[in-house]
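A look at the structure
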Amino acid sequence: MLVFGTRPEAIKMCPLVNELKGRPEEFDAVVCVTGQHREMLDQVLRVFDVRPDHDLAIMKPGQTLFDITSDVLLNMRKVFEHEEPDVVLVHGDTTTSFAAALAAFYLRIPVGHVEAGLRTRDLCSPWPEEFNRQAVDVVSRWYFAPTETSRQNLLDEAKSDDRIFVTGNTGIDALRTTVRDDYRHPDLEWASDSRLILVTAHRRENLGEPMKRMFRAIRRVMEERPDTKAIYPIHLNPQVRKAAHEELDGFGRLRIVDPLEVADFHNFMAASHLILTDSGGIQEEAPSLGKPVLVMRDTTERPEGVAAGTLRLVGTQEEVIHREFSRLLDDPAEYEAMSHASNPYGDGRASSRIANVLSRGALA
Ligand code: UD1
Ligand code: UDP
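The notes below deal with the structure included here. None of the values given here were measured: they were computed from a predicted structure.

**Overview of the environment of M214**
Structurally, the position occupied by M214 is in helix α9 (residues 209-224). Put simply, M214 and Q152 are 62 residues apart on the chain and 33 Å apart in space, counted from C-alpha to C-alpha. When neighbours within four sequence positions are excluded, M214 is seen to be in contact with A201, N206, D278, M296, T316 and I321.

**So, the site of ligand 1**
Taken together, 25 residues surround ligand 1, and among them H37, E39, T95, E129 and H235 come closest. Here E129 contributes a side-chain N or O atom positioned 2.5 Å from an oxygen atom of ligand 1. For ligand 1, whose accessible area on its own is 750 Å², the fraction buried by protein is 95%. Taken together, the elements giving at least two residues each to the shell around ligand 1 come down to α2 (39-48) and α3 (65-83). Residue composition of the shell around ligand 1, grouped by class: nine nonpolar, ten polar and six charged.

**Let's talk about the pairing of strand β6 (residues 142-145)**
Alternating positions in β6 separate into two faces, W142 and F144 on one and Y143 and A145 on the other, with burial throughout. Where strand β5 (residues 111-114) and β6 come together, three bridges link them in parallel fashion. Residue pairing in the sheet places V114 in a bridge with F144 of β6. Between β5 and its parallel partner β6, the chain crosses via helix α5 (residues 129-139), and the hand of that crossover is right-handed. Bridging between β6 and strand β7 (residues 164-166) involves three bridges; their strand directions are parallel. Across the sheet, residue Y143 finds its bridge partner in β7, namely I164. After leaving β6, the chain enters helix α6 (residues 148-156) and then returns to the sheet as β7, a path that is right-handed.

**Here we look at α6**
Along α6, the positions that sit buried rather than exposed are S150, R151, N153 and L154. Projected down its long axis, α6 carries its buried residues within an arc of 155 degrees, all on one side. In this structure, the buried side of α6 is in contact with α5, β6, β7 and α13 (303-307). Where α6 begins, the side chain of T147 points an oxygen toward the backbone nitrogen of T149, at a separation of 3.3 Å. Where α6 ends, the next residue or the one after it, A158, has phi of about 65 degrees, a positive value.

**What to know about the layout of surface pockets**
Put simply, the second largest pocket is a space of about 400 Å³. Taken together, 17 residues line the second largest pocket, and the ones lying closest to its centre are M1, D28, A29, D86 and V87. Class assignment of the residues belonging to the lining of the second largest pocket gives a composition of eleven nonpolar, one polar and five charged.

**Section: unusual backbone geometry**
Excluding glycine, residues mostly have negative phi values, and the peptide bonds linking residues are mostly trans. Going from S125 to P126, the amide bond is cis rather than trans, its omega being -5 degrees. Position of P126 among the secondary structure elements: in the loop between β5 and α5. Between W127 and the following residue, P128, the backbone shows a cis peptide bond with an omega angle of 5 degrees. The topology assignment puts P128 in the loop between β5 and α5.

**Let's talk about the sheet that holds strand β13 (residues 311-313)**
The parallel open sheet is built from six strands, whose spatial order is β10-β9-β8-β11-β12-β13. Edge strands, defined here as strands with exactly one partner in the open sheet, are β10 (254-257) and β13. Adjacent strand axes in the sheet meet at a mean angle of 20 degrees, parallel and antiparallel pairs treated alike. Note that strand β8 (residues 195-199) and strand β9 (residues 228-233) share four bridges and pair parallel. Opposite L198, over in β9, you have I231 as the bridge partner. Across the sheet, α9 is in contact with β8, β9, β10 and β11 (274-277); its angle to β9 comes to roughly 155 degrees. The strands that helix α12 (residues 281-289) touches are β11, β12 (293-295) and β13; relative to β11, the one it contacts most, it runs at about 165 degrees.

Calculation notes
Residues numbered from 1 in each chain as written. Chains lettered and ligands numbered in written order. Predicted model: local features only at pLDDT ≥ 70, side-chain atom pairs only at ≥ 80, totals over all residues. Heavy atoms only, no water. Helix = DSSP H or I, 4+ residues; strand = E, 2+ residues; numbered from the N terminus. Contact = heavy atoms within 4.5 Å. Near = heavy atom within 4 Å. Polar contact = N/O pair within 3.5 Å; in protein donor to acceptor, adjacent residues only side chain to side chain. Areas by Shrake-Rupley, 256 points an atom, 1.4 Å probe, with all protein chains shown as cover. Nonpolar A, V, L, I, M, F, W, Y, C, P; charged D, E, K, R; others polar. Buried < 20%, exposed > 50% of the residue type's maximum accessible area, 1.4 Å probe, protein only. Pairing = 2+ DSSP bridges. Right-handed = clockwise from strand over helix to strand, strands pointing away. Arc of directions from axis to C-beta. 1 Å grid on protein atoms, 1.4 Å probe; cavity = no way out; pocket = protein on both sides within 12 Å on 5 of 7 lines; lining within 4 Å. Points joined across faces, edges and corners; volume = space filled by probe spheres on them. Axes fitted to C-alpha atoms, helices over the stretch in contact; angles between N-to-C directions.

Interpretation in functional terms is not warranted from these geometric data alone.
Shown next as structure tokens:
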């Protein structure tokens, strides 16, 4: 049984769902979504044509970590007791993943962790994701680590080497099919006379003042450079929307749009000059596309992209973001150095590797 609930988990689990469902002689794949996200989850399910067998539909406006954790834990118990899966697969670091893994652990069902071993080692950053991913790894039996670095993180915590499999990141599987040379979109037409900046922001620890600082820095830099336009597909969290509208309304060269379908977003990334974000998944996708990313966070669990030169951590202070964003726009050598494509997160065949591991008897 695969359990997931938010947009990024869906983007990275649907390729695996389809891989397992495509091998019916080996697997009976059952999908349970928690519905921690609603519209943003359903958008991804539609794109990958995945129809869940169970939907806990837990999302409520302004949900707290208490709501998500308790709703997922109690509802997963019923689904697990009904389905009695041999293996539960969860992904990454969300509260859905943590609570579903905990429910499986309480029922003594073995857990496989997809995207295991990412670490900042700071439980407050990102919050609560660093706790979630460490906690999932505590209860997991199998670790599908995207990179050698994540494998090493697990070994450092005395996880057994024969339970760790370096597979690449399933998020890259989707990128292979979505980016097209002939892609067109009205928003990209609008921006075609300028350098396109792509913006996203949603981290819980950045809600409120840090997010407003980010937005102020972005606006100031762009006001100083008339040859830039920005597109910001905004998260549906009302707190994010409030901060964005307070700081960005009235600035015509920055377009706030609804969340994009994943294929559109990948093509927007490919068309962009650079990206400003606090997202995790975007840090993995950008190196493959050779797009510079200023990561508006103090830490990253994705050091591979920093080592590859594509990512730079710029924190959440207005002056630092202003300085680094300006530098990347004004210094061609700096921009060139960050624009080389690389593949630290794998070759786009992670799902089939995970399926092969499950098939060849890791279940024993
Ligand atoms: C969650 C994850 C985070 C992940 C992010 C991806 C946790 C604690 N957080 O954070 O790790 O990076 O998803 O985007 O697991 N909302 C909607 N419709 C949607 C989605 C969200 O209206 O489709 C609104 C709701 O008001 C909801 C709020 O956004 O209460 C926050 O959603 P939530 O899942 O709690 O937090 P995220 O910031 O999305
Ligand atoms: N994404 C998308 N539409 C958007 C913005 C992002 O499909 O409008 C995709 C993006 O390509 C990446 C994932 O969503 O695969 C990242 O999700 P998010 O930033 O919400 O979460 P995180 O990765 O930080 O957990």
